[in-house]
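Examination of the molecular architecture
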Amino acid sequence: MATALASAQDTPERSSPVSPVEIETILTAYDTTYAWNYDSMKAGLRDLYEKAKREQWNGTEQLQWETAVDPESEIIPQMYNPLEDYAPYKRFNQKQVEHFRHAMMAWQLSQFMHGEQGALIVASQLTGAVPWIDAKYYAATQTMDEARHVEVFSRYLRDKLEWEWPINTNLKKLLDLIICDRRWDFKYLGMQILVEGLAMAAFANMYQLAQEPLIKELVHYVMRDESRHVAFGVLSLKDYYLDMAESERRDREDFVIEGCELMRDRLLADDVAEYMGLDKREVREIVLASPIMKMFRQSLFARVVPNIKKLGLLTPRVRQAFERLDIAHFEDFDPEAQDRAIGLS
């Protein structure tokens, strides 16, 4: 298969630039905990578990898979293109523009899918690692949720877009950090607060903009689950960091800062630019300098920052890093108001 734009008139077949490794094994180690006290120990977790049981859904039966999808159509309207004045992009013909749009959509959904597999692994780890029976109950339901999310994103990519991309390097690095750390609170902090918080904002943006009905419905179902997953992290970690030793708290601060930097860099999609034959460095500079794209990247952290504050981790060090990333101003954002606006609560 062709893997780059051969000429101004040729469009390559639908293929990602690098064939993904089918299986990868990493070494993990974490403490597994029996919880012999079967009473409810954490306020709110039993209610969240009951809600999770009520809201289970079947992606095979409840999504309209018979919906026809044109993968090169404007599934999400291109409200703004930071490359519109970039000379190499301006030389694209209409077919190449459509192919670029297709590539971007497939890349974005592929990262969602890979992130959901990371969440599936972490949720299964939490089931064994967490010290409260309510948290084990809920983590088990989340494991099921994440399996379903991987399933539906994979099916949409395979059946509708006919194109799957490998995992982005920065997302992979963050998932590895979360999965390989032996401390259960790092798994919560990395997945429930950072990755899932950012994903919720990205899903909300896609849901509000999408014109294609199947992906809109799919994302809405996924968002309903993800809002519970974020709440699981906030409820479980409430007050956990209040009396933590300074050295241990600093480890968590470093993790939050590194995680947010990795997630910001994941959003640049320079993999697609390189695949399309564009200069990766030039495209990165244009996207980083674009005021509208900067605003979009920042907005995805709107759910992360207030939850970091709720957990008591918006310390002077973390605040300084968030100011450098220009996301500190989200500390008082109300995610629940957005959830109500899109029918999630």
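Above: the structure in question.
All of the points below concern the structure found in this document. Remember, it's a predicted structure, so these values are computed and weren't measured experimentally. (Residues numbered from 1 in each chain as written. Predicted model: local features only at pLDDT ≥ 70, side-chain atom pairs only at ≥ 80, totals over all residues. Heavy atoms only, no water.)

All right, on to the pattern of salt bridges then. Applying the stated criterion across every chain yields a total of 26 salt bridges. The partner of Asp31 in a salt bridge is Arg182, and the shortest N-O contact between them spans 2.6 Å. Here Arg182 lies in the loop between α6 (169–180) and α7 (184–209) and Asp31 lies in the segment before α1 (45–54), a separation of 151 residues in the sequence. For Asp31, a relative accessible area of 44% corresponds to the partly exposed category. (Salt bridge = Lys/Arg side-chain N within 4 Å of Asp/Glu carboxyl O. Helix = DSSP H or I, 4+ residues; strand = E, 2+ residues; numbered from the N terminus. Buried < 20%, exposed > 50% of the residue type's maximum accessible area, 1.4 Å probe, protein only.)

Within the secondary structure layout, Arg297 lies in helix α12 (residues 291–299). We classify Arg297 as buried; its relative accessible area is 7%.

Turning next to the environment of Arg148. Position of Arg148 relative to the elements: it lies in helix α5 (residues 133–161). Those residues in contact with Arg148, other than ones at most four positions away along the chain, are Gln56, Trp57, Gly59 and Asp225. A polar contact is formed between the side chain of Arg148 and the side chain of Asp145, at a distance of 2.6 Å. (Contact = heavy atoms within 4.5 Å. Polar contact = N/O pair within 3.5 Å; in protein donor to acceptor, adjacent residues only side chain to side chain.)

Where α1 is concerned, the buried positions are Leu45, Leu48, Tyr49 and Ala52. Angularly, the buried residues of α1 cover 100 degrees about the axis, an arc narrow enough to put them on a single face. Opposite the packed face of α1, turned more than 90 degrees from it, sit the exposed residues Asp47 and Arg54. Here the buried face of α1 lies against α5 and α8 (213–237). (Arc of directions from axis to C-beta.)

Attention now moves to the packing of helix α4 (residues 94–129) against α6. In contact at an axis separation of 10 Å, α4 and α6 are set at 5 degrees when each is read in the N-to-C sense. One element, α4, and the other, α6, form an angle in the roughly parallel class. Along its contact with α4, which presents Gln111, His114, Gly115, Gly118, Ile121, Val122 and Gln125, the element α6 presents Leu171, Leu175, Ile178 and Ile179. Class assignment of the residues belonging to the contact of α4 with α6 gives a composition of six nonpolar, five polar and no charged. (Axes fitted to C-alpha atoms, helices over the stretch in contact; angles between N-to-C directions. Parallel < 35°, antiparallel > 145°, perpendicular 65-115°, else oblique. Nonpolar A, V, L, I, M, F, W, Y, C, P; charged D, E, K, R; others polar.)

Note on placement: His114 falls in helix α4. His114 sits in the buried class, given a relative accessible area of 13%. Here the side chain of His114 touches Ile167 through a polar contact of 3.4 Å, landing on its backbone nitrogen. Apart from residues lying up to four places away in sequence, His114 is in contact with Glu164, Trp165, Pro166, Ile167, Leu171 and Leu175.

Further remarks concern a nonpolar patch on the surface. Judged by side-chain polarity, Tyr34, Trp36 and Tyr38 come together as a nonpolar surface patch covering roughly 480 Å² of accessible area. Here Trp36 is to be found in the segment before α1. For Trp36, a relative accessible area of 62% puts it in the exposed group. (Patch = residues over 30% accessible without salt bridge, like charges linked within 9 Å, V, L, I, M, F, W, Y side chains within 5 Å. Areas by Shrake-Rupley, 256 points an atom, 1.4 Å probe, with all protein chains shown as cover.)

This part takes up the packing of α5 against α8. To characterise two packed helices, one gives the angle between the axes of the helices and the distance between these axes. Interaxial distance between α5 and α8 falls to 10 Å at its minimum, and their mutual angle equals 155 degrees. One finds that α5 runs roughly antiparallel with respect to α8. For the pair α5 and α8, the crossing hand works out as left-handed. Contact with α5, carried on its side by Ala135, Tyr138, Ala139, Gln142, Asp145, Glu146, Arg148, His149, Val152, Phe153, Tyr156 and Lys160, involves Leu214, Ile215, Leu218, Val222, Asp225, Glu226, Arg228, His229 and Phe232 of α8 and no other residues of that element. When the residues that make up the contact of α5 with α8 are grouped by side-chain class, the tally is 11 nonpolar, three polar and seven charged. (Left-handed = near helix turned anticlockwise from the far one by under 90°.)

Glancing now at the environment of Arg324. Relative to the elements of secondary structure, Arg324 occurs in helix α14 (residues 316–325). Classification of Arg324 by relative accessible area gives exposed; the value is 55%. At a separation of 3.0 Å, a polar atom in the side chain of Arg324 contacts the side chain of Glu261.

Attention now moves to the nonpolar core. Of all hydrophobic cores here, the largest spans 108 residues; its most connected members are Leu109, Tyr156, Leu189, Ile215, Leu218, Ile308 and Phe322. The leading source of residues in this core is α7, at 17 residues. Setting aside its immediate chain neighbours within four residues, Leu189 contacts Leu194, Leu237, Tyr241, Arg252, Phe255, Val256, Ile308, Leu311 and Leu313. (Core = buried A, V, L, I, M, F, W, Y, C linked by side-chain atoms within 4.5 Å.)

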